[in-house]
Amino acid sequence: MASESKRIVALREEIARHDHRYYVLDDPEVPDAEYDRLMRELRELETRHPKLVSADSPTQRVSGVATREFGVVEHRVPMLSLDNAFSDEDIENFDRRVRERLELGEGARLEYNSEPKLDGLAISLTYEDGVFSVGATRGDGLKGEDVTPNLRTLRSVPLKLRGRGHPRLVEVRGEVFMTDAGFEQMNRDALAGGDKVFVNPRNAAAGSLRQLDPAVTAGRPLEIFFYGVGAIEGGTLPPRHSELLSMLREWGLRTCPEIRVTTGVEGLLGYYRDIGARRATLGYQIDGVVYKVDSLVRQRELGFVARAPRWAIAHKFPAEEEMTQVRDIEWQVGRTGALTPVARLEPVFVGGVTVSNATLHNVDELTRKDVRIGDTVIIRRAGDVIPEIVRVIAERRPRGTKVVALPKACPVCGSDVSRIEGEAVARCTGGLVCAAQRKESLKHFASRRAMDVEGLGDKVVEQLVDAQLVESAADLYLLTAAQLSELERMGEKSAAKLVAAIAKSKNTTFARFLFALGIPNVGEATALSLAEHFGELTVLQDASLEQIMAVPDIGPVVAQDIREFFDEPRNKKIVSQFLARGVNWPAPASGRSEHQPLAGKTFVLTGTLPNLGRADAEALIRKAGGKVTSSVTKKTSFVLAGESAGSKLERAQQLNVPIISEEQLRLLVKAFD
Ligand code: I6G
């Protein structure tokens, strides 16, 4: 008991410190998941020892604090919190509790209003006779900070409601946020001007709204979505929440375009999965979805418990940011010899998977982030994007952390490491002498989108190189079943199958072969453009820099890489070995291909795609007969959206233009097969 009482005191102090960093300084030290764990532990301890609950415990207030810098606004109706759900089962239980309380039968299926839960700053705006009078942050739920002048600077806050017959007074509630694109631009500008950089869009939004000088707020890319009302005097509400939202829209208040009415538990879970799948392309940060019983009569019947309504729940996504320790930092050598620092981490569950490695991209990034062995770091995994180290938690740096420097010699083959002045990448100079480079180039050569050698996975490639059975990819075509069956865990049958798969890969396309060669900066789409343009290998091999630059979307840097590749005697030899050992492709068709699956279609690109660079994606579309334009109109056929898509995505949603992913584009094109 004594130790638990001490722990309670320690937790309260720690939570208070985090509250100050988060709410007052807009500069959190730890990720939300860690904060939530501390709160949960405190709640559990207080439930076990109710006598130890005190009025000043952070569990006793809704959330947040109101600081003294701003005037105080008392909310007429408190701004409450939402209960959280983390699993399908939690949602089934929520729906069952609601139906039981409403005394609905077993089979009854309720209608819910569902919408994304924005990761921003909750605010309440009061309109009197349709005119904006006061705007406040949530604060502690009962009293917030008066940020009226700042809210007035937001273009999406109408100073006067549209239409007529407004209530004498209404408090409308919503979330102020920053789009991903706005956040990135703002941080870029801040970096350039030597100003404070925010750790994420939510803190940037909070920091921007809570400025003592509204002129500063005016310059920040803040947006707002409204989701409900608090007090209403001299007016009535429609019978459904979804109609209430339509009413807000009619008044000129923006609501989230993803709002839907769904039925029953299946509807809720379907909505959760749909939004979860599109989360990375929404263009703004969300941390879950919110479900509300759509009937306001039923909402009233259900009422509230403690700090939260019984008729609503937040269904949270797995945390995308977590903290963990760096066990080691190693240098990985890639296909082109590039040395990449990779942090080996204490395994941590983040973004729905367990992560134990994170790339630090290059030595500059390692230096800039100052990540050291022994550090506690925040790791982020959003969508299917590879995990990254966001930052070191400086406050948690123990004594004796180890700085890792760029090695002078390749950790795999011992060759010199060279770094061209002004370039971020350092490279091993060993070329094919370096086993790591050989392994990586073989893995690339055999991969599905290159020569597609079935059964030649990473493990087998590593064994082949370690056993010195292959030096370059061309040696694959000399392997015998007898040699392969000597490898560990390779039976005679598998060996024969692999030999057959290697033989099968000899019949390929020119584009695939070019891609498989692993020429620096030549991705799938560039390989396709080269194959289309030159038609024959000998023509490409003999092409001048100018002739290569005549290929659409190939600039001087890529042209130089291509030229250097074919000028290198070792590469010349390997290319002729491929041909001598039977690699072949159909001769080019005379005239232009008739197959133009995207003919007549226009595309707009936004955000970062998982595999294709922008130029590659554009080349792919053009090659298939499509057109690429820069702005979204009703006539746009598709918007191709990737990570951190910006306002073009929003525009597409408003205009109902179909939004597709890179994968869907590939399906449309299918040009490689
Ligand atoms: O914090 C919140 C975020 C979003 C909310 C909320 C919401 O609806 C989309 N709704 C309510 C009723 C409350 N908090 C209390």
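Use the structure listed above.
Described in the following lines is the structure provided in the data block. All values derive from a computational prediction rather than experimental measurement.

### Regarding the pairing of strand β5 (residues 131-137)
In step 1: Pairing of strand β4 (residues 121-128) with β5, which is carried by 6 bridges, proceeds in the antiparallel orientation. Within β5, the residue paired with Ser124 across the bridge is Ala136.
In step 2: Linking β4 to β5, which pair antiparallel, is a turn of 2 residues; within it Asp129 sits at a positive phi near 50°.

### Observations concerning the packing of helix α17 (residues 524-534) against helix α22 (residues 614-623)
In step 1: Packing of α17 against α22 leaves a shortest axis separation of 8 Å and a crossing angle of 45°. Here α22 runs oblique to α17, going by the angle between their axes. Relative to α22, the crossing made by α17 is left-handed. Touching Ala525, Thr526, Leu528, Ser529 and Glu532 of α17 are Asp616, Ala619, Leu620 and Lys623, all from α22.
In step 2: Tallied by class, residues from the contact of α17 with α22 come to 4 nonpolar, 2 polar and 3 charged.

### So, the site of the ligand
In step 1: Taken together, Leu80, Ser81, Leu82, Glu115, Arg138, Tyr227, Val290, Lys292 and Trp311 form the complete shell of residues around the ligand.
In step 2: Within the side chain of Arg138, a nitrogen or oxygen atom sits 3.5 Å from an oxygen atom of the ligand.
In step 3: Its free accessible area being 370 Å², the ligand has 89% of it covered by the protein chains.
In step 4: For the shell around the ligand, the per-class residue count stands at 5 nonpolar, 1 polar and 3 charged.

### A look at the packing of aromatic side chains
In step 1: For the coordinates displayed, the defined rule picks out 15 aromatic pairs.
In step 2: An angle of 40° between the planes, with centres 5.5 Å apart, marks the rings of Tyr127 and Phe132 as tilted. Phe132 carries the same exposure label as Tyr127, and that label is buried.
In step 3: With a centroid separation of 5.1 Å and 10° between ring planes, the pair formed by Phe445 and Phe578 is classed as stacked. Residue Phe445 is found in helix α12 (residues 435-446), and its partner Phe578 is found in helix α21 (residues 569-580); the two are separated by 133 residues along the sequence. Comparing Phe445 with Phe578, the two get one shared label, buried.
In step 4: Every member of this aromatic cluster is reached through a ring pair, and the members are Phe445, Tyr477, Phe510, Phe513, Phe578 and Trp585.

### Things to note about the state of the cysteines
In step 1: Scanning the entire structure with this criterion turns up 0 disulfides.
In step 2: Here Cys410 is not cross-linked by a disulfide; its sulfur's nearest cysteine counterpart is in Cys428, at 3.7 Å.
In step 3: Distance from the sulfur of Cys434, which forms no disulfide, to the nearest cysteine sulfur (Cys413) is 3.8 Å.

### What about the sheet that holds strand β3 (residues 111-118)?
In step 1: The strand order across the open sheet built from 5 strands is β2-β13-β10-β3-β9, with neighbouring strands paired in mixed fashion. Two strands bound the open sheet, and with one partner strand each, they are β2 (84-85) and β9 (260-263).
In step 2: In terms of strand pairing, β3 meets strand β10 (residues 286-293) through 7 bridges, oriented antiparallel. Note that in β10 the partner of Pro116 across the bridge is Val289.
In step 3: The strands touched by helix α3 (residues 88-101) are β2, β3, β10 and β13 (312-316); relative to β13, the strand with the most contacts, the crossing angle is about 175°.
In step 4: Running at roughly 135° to β9, helix α9 (residues 264-278) makes contact with β3, β9, β10 and β13 of the sheet.

### Describing the sheet that holds strand β7 (residues 169-178)
Two modes of strand pairing occur in sheets, parallel and antiparallel, and in both the strands are linked by backbone hydrogen bonds.
In step 1: The 4 strands are arranged β5-β4-β7-β8 in an open sheet whose pairing can be described as antiparallel. Here the strands that pair on one side only, and so sit at the sheet edges, are β5 and β8 (222-233). Pairwise comparison of adjacent strand axes, ignoring direction, gives a mean angle of 25° for this sheet.
In step 2: Sheet strands touched by helix α6 (residues 201-209): β4, β7 and β8. Its angle to β7, the strand with the most contacts, is close to 130°.

The rules we used
Counting from 1, residues in each chain are numbered in the order their sequence is written. With the structure being a predicted model, the display of local features is reserved for residues of pLDDT at least 70 and the display and counting of side-chain atom pairs for 80 or more, all residues being used for whole-chain, interface and lining totals. Only hydrogens and water are removed before side-chain values are computed, so all heavy atoms of the structure are retained for them. Pairing between strands requires that DSSP locate at least two bridges from one strand to the other. Strands are runs of DSSP state E lasting at least 2 residues, helices are runs of H or I lasting at least 4, and numbering of each runs from the N terminus. Here an angle of 0 to 180 degrees is reported between the N-to-C directions of two axes, which are lines fitted to C-alpha atoms, with helices fitted over the stretch in contact. Here roughly perpendicular refers to angles of 65 to 115 degrees, roughly parallel to angles under 35, roughly antiparallel to angles over 145, and oblique to all remaining angles. Helix crossings get a hand from a simple test, with the near helix turned counterclockwise from the far one by less than a right angle marking a left-handed crossing and a clockwise turn marking a right-handed one. Any two residues whose heavy atoms approach within 4.5 Å are treated as being in contact. Residue classes follow a fixed rule: Ala, Val, Leu, Ile, Met, Phe, Trp, Tyr, Cys and Pro count as nonpolar, while Asp, Glu, Lys and Arg count as charged, and any other residue, Gly among them, counts as polar. Throughout, near means a residue has at least one heavy atom within 4 Å of the molecule or strand. In protein, a polar contact means a hydrogen-donor-capable atom and an acceptor-capable atom, both N or O and within 3.5 Å, with residues adjacent in sequence counting only if both atoms are side-chain atoms; elsewhere, any N or O pair within 3.5 Å suffices. Where accessible areas are quoted, they stem from the Shrake-Rupley method and a 1.4 Å probe; at the residue level, only the protein chains shown are allowed to cover. Here a pair means two rings of Phe, Tyr or Trp (six-membered ring of Trp) with centres within 6.5 Å. Their orientation is stacked below 30 degrees between planes, edge-to-face above 60, and tilted elsewhere. Buried, partly exposed and exposed residues are distinguished by accessible area as a fraction of the type maximum, computed with a 1.4 Å probe on protein chains only: under 20%, between the cut-offs, and over 50%, respectively. By definition, disulfides here are pairs of cysteine sulfur atoms that lie within 2.5 Å.

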